[in-house]
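# Coordinate inspection notes
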Amino acid sequence: MNDYYDTAKICINGHVITDSLKTDPQINQNFCDKCGGYLITKCPSCNANIRGKKHIRDVTSITNGRVFPLTKPDQFCYQCGKPYPWLESKIKAARELAHEIENISEEDINILTDSIDDIVVDTPKTQVSALRFTKILSKTGIGVINAFRDLLIDVASETAKKIIWPK
């Protein structure tokens, strides 16, 4: 047996219902019991199974292996690279929040909204975007800073988190 991923069942808002649908198929609910969101098992863009629990063959034993449960859903599909619905909805909400901020310029709002895409991935642009994001957030109040943190902390890259929310 080779290493493999089970299939996860996750609501469109990112709540993991099960990480082992193949090995535990009796999870047959269609809606999330936390938020009521519809549950999916496949990428809406390419129809690839959403990766769940990872099973790694133990080279020292034929019958035993290691299992790594899914504690946090992936943000992007491993097959097509498109964001999953839970990431898309957080990005959309963060953009909407940027447009609700008073006392900053339209240019600052545009910089905030443009920076969000770079904050959720780890690329060479992540550091620059995170610094710009932090600079503009410093012009706002603690309520706005906390609102962005609550929206993005679970989806921001580790690099961005260290810059924007260092504690």
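Residues numbered from 1 in each chain as written. Predicted model: local features only at pLDDT ≥ 70, side-chain atom pairs only at ≥ 80, totals over all residues. Heavy atoms only, no water.

## With respect to the sheet that holds strand 3 (residues 16-18)
- Here we have 3 strands laid out as an open sheet, ordered 3-2-4, and antiparallel in their pairing. Strands at the two margins of the open sheet, each flanked by one partner only, are strand 3 and strand 4 (39-40). (Pairing = 2+ DSSP bridges. Helix = DSSP H or I, 4+ residues; strand = E, 2+ residues; numbered from the N terminus.)

## Describing the packing of helix 1 (residues 85-100) against helix 2 (residues 106-119)
- At a minimum axis separation of 9 Å, helix 1 and helix 2 run at an interaxial angle of 170°. Judged by the angle between their axes, helix 1 and helix 2 are roughly antiparallel. Viewed along their axes, helix 1 and helix 2 form a crossing whose handedness is right-handed. Here Ile91, Ala94, Arg95, Ala98 and His99 of helix 1 lie close against helix 2, whose contacting residues are Ile109, Leu112, Thr113, Ile116 and Asp117.
- Of the residues belonging to the contact of helix 1 with helix 2, the class tally is 6 nonpolar, 2 polar and 2 charged. (Axes fitted to C-alpha atoms, helices over the stretch in contact; angles between N-to-C directions. Parallel < 35°, antiparallel > 145°, perpendicular 65-115°, else oblique. Left-handed = near helix turned anticlockwise from the far one by under 90°. Contact = heavy atoms within 4.5 Å. Nonpolar A, V, L, I, M, F, W, Y, C, P; charged D, E, K, R; others polar.)

## Side note on the packing of aromatic side chains
- Enumeration over the complete set of coordinates arrives at 3 aromatic pairs.
- Taking 4.8 Å as the distance between ring centres and 25° as the angle between the ring planes, the aromatic pair formed by tyrosine 84 and tryptophan 86 counts as stacked.
- For tyrosine 84, a relative accessible area of 1% corresponds to the buried category.
- Relative accessible area serves as the criterion here: at 3%, tryptophan 86 is assigned to the buried category.
- Ring centres 5.2 Å apart and planes at 80° place the aromatic pair phenylalanine 133 and phenylalanine 148 in the edge-to-face group. Pair noted here: phenylalanine 133 is in helix 3 (residues 124-137) and phenylalanine 148 is in helix 4 (residues 142-152), with a separation of 15 residues, a long-range link.
- Note on phenylalanine 148: relative accessible area 0%, which makes it buried.
- One cation-aromatic arrangement involves arginine 51 over tyrosine 78; the distance from NZ or CZ to the ring centre is 3.9 Å. (Phe/Tyr/Trp six-rings, centres within 6.5 Å; stacked < 30°, edge-to-face > 60°. Buried < 20%, exposed > 50% of the residue type's maximum accessible area, 1.4 Å probe, protein only. Lys NZ or Arg CZ within 6 Å of the ring centre and 35° of its normal.)

## Remarks on the side chain of lysine 53
- Secondary-structure assignment places lysine 53 in strand 5 (residues 51-57).
- Buried and without a salt bridge, lysine 53 has aspartate 19 as its closest oppositely charged side chain, separated by 4.0 Å.
- Not counting residues up to four positions away in its chain, the partners in contact with lysine 53 are Tyr4, Tyr5, Asp6, Asp19, Ser20, Val67, Phe68, Pro69 and Leu70. (Lys, Arg positive; Asp, Glu negative; His and termini not counted. Salt bridge = Lys/Arg side-chain N within 4 Å of Asp/Glu carboxyl O.)

## A short note on the nonpolar core
- Formed by 24 residues in total, the largest nonpolar core has its most connected members in Leu112, Phe133, Phe148, Leu152 and Ile164.
- For this core, the secondary-structure elements that each account for two or more residues are helix 1, helix 2, helix 3, helix 4 and helix 5 (158-164).
- Top contributing element to this core by residue count: helix 1, with 5 residues.
- In contact with leucine 112, not counting residues within four places along its chain, are Ala98, Ile101, Ile104, Phe133, Ile136 and Phe148.
- In terms of nonpolar packing, the next biggest core, distinct from the first, is built from 10 residues, Ala8, Ile10, Cys43 and Leu70 among them. (Core = buried A, V, L, I, M, F, W, Y, C linked by side-chain atoms within 4.5 Å.)

## Here we look at the state of the cysteines
- Under the definition given, this model contains 0 disulfides.
- No disulfide involves cysteine 35; its sulfur sits 3.7 Å from that of cysteine 11, the nearest cysteine.
- The thiol of cysteine 80 is not disulfide-bonded; the next cysteine sulfur, from cysteine 43, is found 3.7 Å away.
- What makes cysteine 80 partly exposed here is its relative accessible area of 32%. (Disulfide = S-S within 2.5 Å.)

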